[in-house]
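Observations on chain architecture
So the chains spell out like this:
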Amino acid sequence: MVGEWGHFALIWVVVSSSVSAVYYAWQKQQKLVQPLSLSNIARLNGLLASLSLILLAVLFVQDQFQYDYVASHSNVALPIYFKVAAVWGGHQGSMLFWVFTLSLWSALISLKKGHERRFVQDVLWVMMLFVAAFGWFTLIASNPFVFSPSIVEQGRDLNPMLQDIGLIFHPPLLYLGYIGFSTVFAFALAALMNPTESEQWIRMCLPWALSAWFCLTVGILVGSWWAYNELGWGGWWFWDPVENASLLPWLTGTALLHAMVAVRRNQQMQLWALTLALITFCLSILGTFIVRSGILTSVHAFAVDPNKGIALLLILACAMSAGFVLLISRADSIKSRAIESLLSRSYLILLALGLLSVATLTVLLGTFYPMIYQMLGFGQVSVGAPYFNTLFLPLTVLVLGTMGMVPFVKSHSGVSASWRFIGVLFALSTLVGWGVYTLQVNAVSFTTLLVWGVASWVVIGHLYWVARHRKITFMILAHIGLAVSAVGAVMNSQHSYEMNKKMSPGTSIQVAEWQVDYLETNWYVGGNYTAQQGVVQFSQGERTFVLTPERRHYPVRVMNMSEPAIHSTWFGDYYLTLGPRVSAGAYAVKIQYKAYINWVWLGVLIAACGALLALLPGYQIKECDYVAKQA
């Protein structure tokens with residue numbers, strides 16, 4: 001009965017959302033003074049969608065293999081925390097999570113006090129349409145409550161690549177970010193439907209945009225860390241099409257936040273904000289389409305059914321068409337203040353929007369051009385890391401240079417310090433960055449030298465702003481975080497190294513300044529796998545540490561997985577992977593040094609903390625007003 005109740009709760013959410021959305025639209029057309037209130041319906045749907053998701057988790061915990069989705073993604077021996085995480089570890093469960101998240105955001109909006117009632121009803125109406133669309137898609141094409149065609153006593157087990165703590169946090173955070181931008185889409189659409197609210201929608205929407213950006217940022221961070229720690233290849237970003245699909249809404253979402261701050265502060269860039277609000281959520285749907293359409297093979301892919309992709313494309317087409325038709329029809333009535341000077345913070349924001357838009361187009365082209373080229377039958381074309389790295393480097397330098405000027409430029413016109421002081425601080429910051437870099441390495445890379453210089457300019461300039469105004473803002477933390485991540489990324493790219501060796505117990509090799517001794521191989525049995533564990537010691541004088549990489553075999557899925565071992569330091573990780581056995585007692589061992597890898601995640605975490613700070617009650621509004629006053 002547990003599954004039936006979960007199924008019934010999902011049906012209730014879908015039907016009530018559909019009926020409520022249609023009835024509300026009819027009442028609006030009839031121009032009734034008090035149309036149906038959607039707030040209570042949104043709250044009830046939020047509770048029932050939560051119940052449906054919880055009951056699906058109960059099916060996993062109880063090993064109810066009569067349900068096809070449970071049988072395909074679980075096993076009796078699977079640890080209970082992975083059974084719960086398996087709820088969103090496959091296509092059907094992840095789509096139920098989409099419906100749950102849409103309903104949850106809608107319920108939270110309905111609880112927010114201080115919003116204009118009629119305007120919020122229009123926002124909830126848009127959200128109801130999304131709940132209905134994705135709900136019907138889940139019920140008809142991706143139902144996790146469908147019974148298995150045959151009776152089985154044992155499940156197929158969760159994909160071993162997903163059996164990591166990252167599965168518990170990465171997909172939910174990513175979905176919360178993706179779907180969080182649906183609230184921004186809904187607010188923008190409601191503003192276009194109510195021209196009198198065009199100046200107020202930013203104030204009401206800003207907390208939801210910040211929440212979505214925070215969740216998406218942390219979700220991407222956890223996903224990068226998960227790939228680095230689990231897959232055994234030692235990389236943190238592969239430019240995989242699905243990785244790029246998550247980067248696209250992050251780039252436009254970042255641009256959206258800048259545009260919203262400009263609107264909130266000076267009533268500028270209103271059209272930019274509305275356009276980016278529509279684009280960002282459409283890109284989120286596009287990312288969902290990629291992993292469920294069957295057009296690519298990837299560790300991220302959930303489904304290989306083209307019909308599912310067509311349904312998602314229809315939802316995307318409807319959302320884009322409705323949004324942009326309404327935007328174009330109301331474009332003439334959207335008023336924004338003109339930017340008065342090129343030497344102003346508003347112009348720097350506009351420049352940032354342009355650079356982020358170029359970055360978005362760069363990723364969009366490199367991701368989708370090969371797919372389209374192949375689908376048209378022209379053959380195959382490969383677009384990989386060299387393309388993205390080559391184009392992103394100058395964009396990153398330009399973005400950092402632009403951010404470095406932010407603390408010294410006033411909102412409307414002019415600078416807040418003398419040009420001589422700015423020039424001296426820039427020179428000193430650059431020299432500090434170069435000095436820190438050259439003291440660490442033997443061979444200097446011009447690319448890395450350039451990034452160190454502009455990143456130091458950003459950090460020191462923003463710390464000067466903090467010292468002068470004695471206030472830390474979202475802008476400060478976000479900009480410093482990006483500078484730290486940029487340094488980590490370029491150092492990781494230029495100063496990492498690796499070595500592949502055949503090793504067996506008793507063998508030793510020299511890796512840079514370290515002596516590496518393979519001590520022994522242990523065998524043990526885990527909960528749902530068997531493992532061969534190498535014991536490897538790194539020595540340098542009196543400094544020693546031991547790493548224990550594993551080679552695991554999962555008998556149910558009949559898959560082998562490498563579980564890397566990592567020793568972290570402030571300036572890099574020593575990363576050891578145990579490969580296949582190549583002869584009696586000997587294994588292929590990959591030894592890598594990943595320079596500054598933790599700086600990448602530290603920078604993203606700093607930026608995310610800035611968003612969290614801005615989400616404190618009333619802070620995001622006070623911050624905009626404070627920055628404008630200081631400018």
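Residues numbered from 1 in each chain as written. Predicted model: local features only at pLDDT ≥ 70, side-chain atom pairs only at ≥ 80, totals over all residues. Heavy atoms only, no water.

Let us now look at the overall build of the chain. Within the chain, the regular secondary structure consists of 18 helices and 10 strands. Relative to its length of 631 residues, the chain is compact, with a C-alpha radius of gyration of 26 Å against a globular reference of 25 Å. The C-alpha extent of the chain, read off along each of the three principal axes, is 85 × 75 × 50 Å. With 631 residues in all, the chain has 56% of them scored as buried. (Helix = DSSP H or I, 4+ residues; strand = E, 2+ residues; numbered from the N terminus. Rg over C-alpha atoms; globule rule 2.2 N^0.38 Å. Buried < 20%, exposed > 50% of the residue type's maximum accessible area, 1.4 Å probe, protein only.)

What follows concerns the packing of aromatic side chains. For the coordinates displayed, the defined rule picks out 46 aromatic pairs. Look at Phe8 and Trp12: their rings are 6.3 Å apart centre to centre, the planes differ by 55°, and that puts the pair in the tilted class. Of this pair, Phe8 and Trp12 are both found in helix H1 (residues 2-29), four residues apart, which corresponds to roughly one turn of the helix. Since its relative accessible area comes to 41%, Trp12 is described here as partly exposed. Ring pairing ties together the aromatic residues Tyr437, Trp452, Trp570, Phe571, Tyr596 and Trp599, which thus form one cluster. (Phe/Tyr/Trp six-rings, centres within 6.5 Å; stacked < 30°, edge-to-face > 60°.)

Of note, Ser341 is situated in the loop between helix H11 (306-330) and helix H12 (345-375). In this structure the side chain of Ser341 is engaged in a polar contact, spanning 3.0 Å, whose partner is the backbone nitrogen of Leu343. Other than its neighbours up to four places away in sequence, Ser341 contacts Tyr347, His412 and Ser413. (Polar contact = N/O pair within 3.5 Å; in protein donor to acceptor, adjacent residues only side chain to side chain. Contact = heavy atoms within 4.5 Å.)

A few words now on the domain arrangement of the chain. For the chain, the assigned domains are domain 1 (1-158), domain 2 (166-175 + 206-333 + 344-373), domain 3 (376-495 + 603-628) and domain 4 (497-597). A straight line from the C-alpha centre of domain 2 to that of domain 3 covers 21 Å. In this complex, domain 2 contributes 37 residues to the contact, which on the side of domain 3 involves 44 residues. Taking both partners together, domain 2 and domain 3 bury about 3500 Å²; carbon and sulfur atoms supply 74% of that area. For the domain 2 face of the interface with domain 3, the top three residues by lost area are Trp239, Arg345 and Tyr373, together amounting to 22%. Taken together, domain 2 and domain 3 are joined by zero salt bridges. (Domains from an automatic or database assignment. Buried area = accessible area lost by both parts, 1.4 Å probe. Salt bridge = Lys/Arg side-chain N within 4 Å of Asp/Glu carboxyl O.)

Counting residues in hydrophobic clusters, the biggest one holds 173 residues, and the most contacted among them are Phe134, Phe185, Phe187 and Trp201. Considering every element that reaches this core, the biggest residue donor is helix H8 (residues 201-230), with 17 residues. If we skip the residues at most four places from it in the chain, Trp201 touches Phe119, Val184, Phe187, Ala188, Ala191, Gln270, Ala273, Leu274 and Ala277. Grouped together as the second largest cluster of nonpolar side chains are 19 residues, Met503, Ala565, Leu578 and Ala595 included. (Core = buried A, V, L, I, M, F, W, Y, C linked by side-chain atoms within 4.5 Å.)

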